[in-house]
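Next come the chains, spelled out residue by residue.
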Amino acid sequence: MTGAHLHLLVNHAPIFGAIFALALLVASYVYAPDVLRHTALVVLVATGIAGAAAKWTGDPAEEAIHGFPGVQRAVIHEHESMADKAFIAAALAGVLAAGALLKWRRAPLPGGVAGGALIAAAIVSGAMGYTGLLGGRVRHTEVRPDATAADAMAIEPARQRPPAAAPAP
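Please read these numbers as outputs of a predicted model, since none were measured by experiment.

**Q** Just checking my understanding: could you explain the nonpolar core for this structure?
**A** L24, L25, L41 and L44 are the most contacted members of the largest nonpolar core, which has 14 residues in total. A per-element tally of this core places helix α3 (residues 33-56) first, with 5 residues. Not counting residues up to four positions away in its chain, the partners in contact with L24 are L36, T39, A40 and V43. Listed in part, the 10 residues of the second largest apolar core include M82, A86, V124 and M128.

Below is the structure:
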């Protein structure tokens, strides 16, 4: 199993986790607020962890696909840049959710905390969803704006790395 396999295996979890947490929080305003809100916080914690797994597998995945037809460094960089932001948002939401779970483990969540969690889940959902779209563009030219059929076949030359410095005597 390569880094690309691992990345493809884990990269959907933070997307669906954030969306699921958002759905639970929205539903908590209609049904079973205590249970659904606490469950949503647990899902936000898991989303932060899944975001870390996706981030840590990103570099090996990038190395595995360099030189493949249609893969462009600029597209990878755009995905990686957004992934960093989405991971920070998910990690922050996960840490705050863990803190709220500890503080209100045997009590209903206050309305302000639930509202904050709802906003955090919406931000993380949007960031993770957009990150996923950009990640899909790495290998799927059909979802790239202004892509042509030739883009799917183009192979970028290997990146020229500076020569290694000679060891000090």
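**Q** So what exactly am I meant to see when it comes to the side chain of H38 here?
**A** Secondary-structure assignment places H38 in helix α3. Accessibility expressed as a relative area gives 16% for H38, which makes it buried. A distance of 2.7 Å separates the side chain of H38 from the backbone oxygen of W104, its partner in a polar contact. Leave out the neighbours within four places in its chain, and H38 touches L101, W104, R105, A107, P108 and L109.

**Q** Hey, could you run me through a nonpolar patch on the surface in this one?
**A** Together, M1, L6 and L9 make up an exposed nonpolar region whose accessible area comes to about 360 Å². Its relative accessible area of 77% is what places M1 among the exposed residues.

Quick notes on the rules
Residues numbered from 1 in each chain as written. Predicted model: local features only at pLDDT ≥ 70, side-chain atom pairs only at ≥ 80, totals over all residues. Heavy atoms only, no water. Core = buried A, V, L, I, M, F, W, Y, C linked by side-chain atoms within 4.5 Å. Buried < 20%, exposed > 50% of the residue type's maximum accessible area, 1.4 Å probe, protein only. Helix = DSSP H or I, 4+ residues; strand = E, 2+ residues; numbered from the N terminus. Contact = heavy atoms within 4.5 Å. Polar contact = N/O pair within 3.5 Å; in protein donor to acceptor, adjacent residues only side chain to side chain. Patch = residues over 30% accessible without salt bridge, like charges linked within 9 Å, V, L, I, M, F, W, Y side chains within 5 Å. Areas by Shrake-Rupley, 256 points an atom, 1.4 Å probe, with all protein chains shown as cover. Salt bridge = Lys/Arg side-chain N within 4 Å of Asp/Glu carboxyl O.

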